[in-house]
Amino acid sequence: MADTEAGREYDEIADLPREKLLELIANYLKNWIAHDGLWFQSIEAEHGMDEANRHNVNAWRRFTVIEAKRIKEFLGLPDRAGLDGLRRALQFRMYAPLNKTVTTIEGNVLTYDVTTCRVQAARERKGMPFHPCKPVGLVEYGGFASTIDDRFTTECVSCFPDITCPTSNCIWRFTLNE
């Protein structure tokens, strides 16, 4: 029987050296995104893309707020964390280390450019059509930003199926309204 004294159940993980902990985190992230994709593909295969997207939007509507609150608490961000708080929080999202992104701040606007998306790359590799992620992205990124700071408005600049920038998978603009 496993030792279940408070705090002892993770001793083996806690004792790992830093490089192994980082490797473990990367594995956790890859496993999470694989599971997220597999449940989506299961609904997609049985009921079509529209039904899968409907469930995806519903799940992200709730998850993105939970994720943002936990990140905000972890980072010790104030209620209205502003542009720097959002920039920092975006780096701590569950899948952020798996994508390649560029974040810029100009005036009261933060632009978040996902130049390489692990989900779209996997679908392309498998010969699947790109995931039309704009509808879920509006809910996901909008909910995340407004949880970090309720003054944000979120706009999609480019996201499948409405790609306006062929060098990016998606681009989101967050405007801080004073």
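Refer to the preceding data block for the structure.
Residues numbered from 1 in each chain as written. Predicted model: local features only at pLDDT ≥ 70, side-chain atom pairs only at ≥ 80, totals over all residues. Heavy atoms only, no water.

A. Main features of the sheet that holds strand β3 (residues 152–159). Read across the open sheet, the four strands follow the order β1-β2-β4-β3; overall the sheet is antiparallel. Each end of this open sheet is capped by a strand with a single partner; those strands are β1 (100–106) and β3. Here the strands of the sheet are splayed against their neighbours by 15° on average, with no regard to which way each runs. Here β1 pairs with strand β2 (residues 109–116) via seven bridges, running antiparallel. Bridging from a neighbouring strand, Thr103 pairs with Tyr112 of β2. Helix α6 (residues 134–148) contacts β2, β3 and β4 (170–176) of the sheet and is inclined by roughly 150° relative to β3. (Pairing = 2+ DSSP bridges. Helix = DSSP H or I, 4+ residues; strand = E, 2+ residues; numbered from the N terminus. Axes fitted to C-alpha atoms, helices over the stretch in contact; angles between N-to-C directions. Contact = heavy atoms within 4.5 Å.)

B. Inspection of the state of the cysteines at higher detail. Enumeration over the complete set of coordinates arrives at zero disulfides. With no disulfide of its own, Cys159 lies 3.4 Å from the sulfur of Cys133, the closest cysteine sulfur. Note on Cys165: no disulfide assigned, nearest cysteine sulfur contributed by Cys170 at a separation of 11 Å. (Disulfide = S-S within 2.5 Å.)

C. Summary view of the pattern of salt bridges. In this structure the tally under the stated criterion is 10 salt bridges. In this structure, the salt-bridge partner of Glu140 is Arg93, at a minimum N-O distance of 3.1 Å. Here Glu140, found in helix α6, pairs with Arg93, found in the loop between α4 (82–90) and β1; they are 47 residues apart in sequence, far enough to count as distant. In this structure, Arg151 and Asp149 form a salt bridge, with 2.7 Å as the shortest nitrogen-oxygen distance. Owing to a relative accessible area of 17%, Arg151 belongs among the buried residues under this scheme. Since its relative accessible area comes to 0%, Asp149 is described here as buried. (Salt bridge = Lys/Arg side-chain N within 4 Å of Asp/Glu carboxyl O. Buried < 20%, exposed > 50% of the residue type's maximum accessible area, 1.4 Å probe, protein only.)

Treat this as a map of the structure, not an account of what it does.
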